[in-house]
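Structural characterization, general
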Amino acid sequence: MAERTNSPRTHLRIAAIGDIHVSKGSQGVFHSLFAQISQTSDVLVLCGDFTDYGLPEEARILARELTTTVNIPVVAVLGNHDYEGGHQDEIRGILADAGVFVLDGEATEVHGVGFAGVKGFCGGFGRGALGPWGERAIKNFVQEAIDEALKLEAALARLRTTRRVAVLHYSPVRATVEGEPPEIFPYLGSGRLEEPINRYRVSAVFHGHAHRGSAEGRTTAGVPVYNVAMPLLARLNPDRPPYLIVELPLEDEASPAPPQPSAPLAEPVVKTA
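Figured I'd write up the structure that's included with this text. Small disclaimer: the values here were computed from a predicted structure and weren't measured. Think of each chain on its own: its residues are numbered from 1, step by step along the sequence as written. Given that this is a predicted model, residues contribute local features only at a pLDDT of at least 70 and side-chain atom pairs are listed and counted only at 80 or more, while totals for whole chains, interfaces and linings are drawn from all residues. For the side-chain quantities, the full set of heavy atoms in the structure was used; hydrogens and water were omitted.

What follows concerns the overall build of the protein. Scanning the protein from N- to C-terminus turns up seven helices and twelve strands. Accessible area is worked out with a 1.4 Å probe on protein chains only. A residue is then buried under 20% of its type maximum, exposed over 50%, and partly exposed in between. When the 273 residues of the protein are sorted by exposure, 53% land in the buried category. Of the contacts made within the protein by residues no fewer than 6 positions apart, 73% connect residues no fewer than 24 positions apart. As presented, the protein carries roughly 11,500 Å² of accessible surface, and 51% of it is formed by carbon and sulfur atoms. Numbering of helices and strands runs from the N terminus; a helix is a DSSP stretch of H or I covering at least four residues, while a strand is a stretch of E covering at least two. Only heavy atoms matter for contacts: two residues are in contact if any of them lie within 4.5 Å across the pair. Per-residue accessibility takes into account occlusion by the displayed protein chains alone, with areas from the Shrake-Rupley method and a 1.4 Å probe.

This part is about helix α2 (residues 56-69). Take the residue count of a helix, subtract one, and multiply by 1.5 Å to get its expected span. The end-to-end C-alpha distance of α2 is 20 Å, a good match for the 20 Å that 14 residues give at a rise of 1.5 Å each. Within the sequence span of α2, burial applies to P56, E58, A59, I61, L62, A63, E65, L66 and T69. Of the surrounding secondary structure, the elements contacted by the buried residues of α2 are α1 (31-40), β2 (43-47) and α4 (88-97).

Turning to its location among the elements, E148 is positioned in helix α5 (residues 136-158). A relative accessible area of 4% places E148 in the buried class. Not counting the four nearest positions on each side in its chain, E148 is found in contact with V118, K119, G120, F121 and L193.

Right, let's get into the packing of α1 against α2. Lines fitted to the C-alpha atoms define the axes, with helices restricted to the stretch that makes contact. Angles between their N-to-C directions range from 0 to 180 degrees. Where α1 meets α2, the closest approach of the two axes is 9 Å, and the angle between their N-to-C directions is 40 degrees. Relative to α2, α1 is oriented oblique. When you trace α1 past α2, the crossing you get is right-handed. Judged by residue contacts, H31, F34, A35 and S38 of α1 engage L62, E65, L66 and T69 from α2. Gly falls in the polar group here, along with every residue not listed as nonpolar (Ala, Val, Leu, Ile, Met, Phe, Trp, Tyr, Cys, Pro) or charged (Asp, Glu, Lys, Arg). Taken together, the residues that form the contact of α1 with α2 break down as four nonpolar, three polar and one charged. For classification purposes, angles smaller than 35 degrees are called roughly parallel, those larger than 145 roughly antiparallel, those between 65 and 115 roughly perpendicular, and all remaining angles oblique. With the far helix as reference, a near helix turned anticlockwise by less than a right angle produces a left-handed crossing, and one turned clockwise produces a right-handed crossing.

In the Ramachandran plot, H111 falls in the positive-phi region, its phi being about 50 degrees despite a non-glycine side chain. For H111, the position within the fold is in the loop between β5 (106-110) and β6 (113-117).

A few words on the environment of L168. As for its placement among the helices and strands, L168 is situated in the loop between β7 (163-167) and α6 (194-199). Of the residues examined, L168 reaches a relative accessible area of 0% and is grouped as buried.

Further remarks concern the pattern of salt bridges. Within this document, salt bridges are pairs made up of a side-chain nitrogen of Lys or Arg and a carboxyl oxygen of Asp or Glu, the two lying within 4 Å of each other. Within the structure shown, the criterion is met by ten salt bridges. In this structure, the salt-bridge partner of E247 is R13, at a minimum N-O distance of 2.2 Å. You can see E247 sitting in strand β11 (residues 244-249) and its partner R13 sitting in strand β1 (residues 11-17), a full 234 residues away along the chain. Each member of the salt-bridge network shares a partner with another, and the members are R92, D104, E106, E148 and K151.

To continue, consider the nonpolar core. Counting 30 residues, the largest nonpolar core has I20, F34, L44 and F50 as its most contacted members. At the level of elements, β1, α1, β2, α2, β3 (74-77) and α4 are the ones that each hand at least two residues to this core. In terms of residues, this core owes the most to one element, α2, which gives five residues. Not counting residues within four places of it along the chain, the set of residues in contact with F50 comprises I20, H21, V22, L62, A76, V77, L78, D82, I91 and L95. In this structure, I14, V45, V165 and V228 belong to the second largest nonpolar core, which totals 22 residues. Among buried residues, those of type Ala, Val, Leu, Ile, Met, Phe, Trp, Tyr and Cys that are joined through side-chain atoms within 4.5 Å constitute a nonpolar core.

The next subject is α4. Of the positions making up α4, those classed as buried are Q88, I91, I94 and L95. The arc that holds the buried residues of α4, viewed along the axis, is 120 degrees, so those residues lie on one side. Residues of α4 that are exposed and angled more than 90 degrees away from the buried face: D89 and D97. Where α4 is buried, its residues meet α2, α3 (80-83) and β4 (101-102). By construction, the arc corresponds to the directions joining the helix axis to the C-beta atoms.

Two strands are counted as paired when DSSP detects at least two bridges linking them. Reading across the sheet, the six strands line up as β5-β6-β7-β8-β10-β9 and stay open at both edges, with mixed pairing between neighbours. With partners counted over all chains shown, the strands left at the sheet margins are β5 and β9 (216-218), one partner each. Put simply, the sheet's adjacent strands are angled 25 degrees from each other on average, direction ignored. As paired elements, β6 and β7 share five bridges and run parallel to each other. Considered in β7, the bridge of G117 is made with V167.

See the structure below:
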């Protein structure tokens, strides 16, 4: 996939979408969507659950769609559905062979902007976060969330760019899962992911997973967090393609300005405060 060149470049137009759930019958379904993204954006971010049952054949369908329609860099993380079939390593390899930067504790740079990505995990937020106490199974569950936060921290630490973007599947904040039944909040994300995002002054965070959550929130340090689950975006904007574009300023500033989100064709989907 070749990069599109825009000179001079003052903003990076990031198209983000998650939870597209490609199935065995999805061949051609996303052709027009990816083609439009390629025409309107500088980079595509896929926030996990790009397969439905975590099957290699589903990943191959997505890879063909991307290689035939997308001519901009693609950055991705896996989601829980991509783990369902136990073929997550093969799925990652299929997408990597198609030119996708699939991040799992790694980082990459696109047009001077750094991208760090992990799947993340669940466990809850704030005082409702599950602690590592009691049975070994509980401790192992909590350790998974801690490990994902540590991977994100390590990935962000590798970046030397002024602008940093965190790509997740699970949410790092409660705000973007609100709208879902409160009983399942702990299964939609982990507040442990928020700490490295705040520490490394991330410019924007993208995640999926919460299909009926909220489109935007912020960390305690004010970092904007965008829920780009396709079912959510489709419901909020039924007359528009279900992806979000965020324009990230590229000026070298001591304190990076917050990115400005817009929908395809510059129509706003959500507005930062």
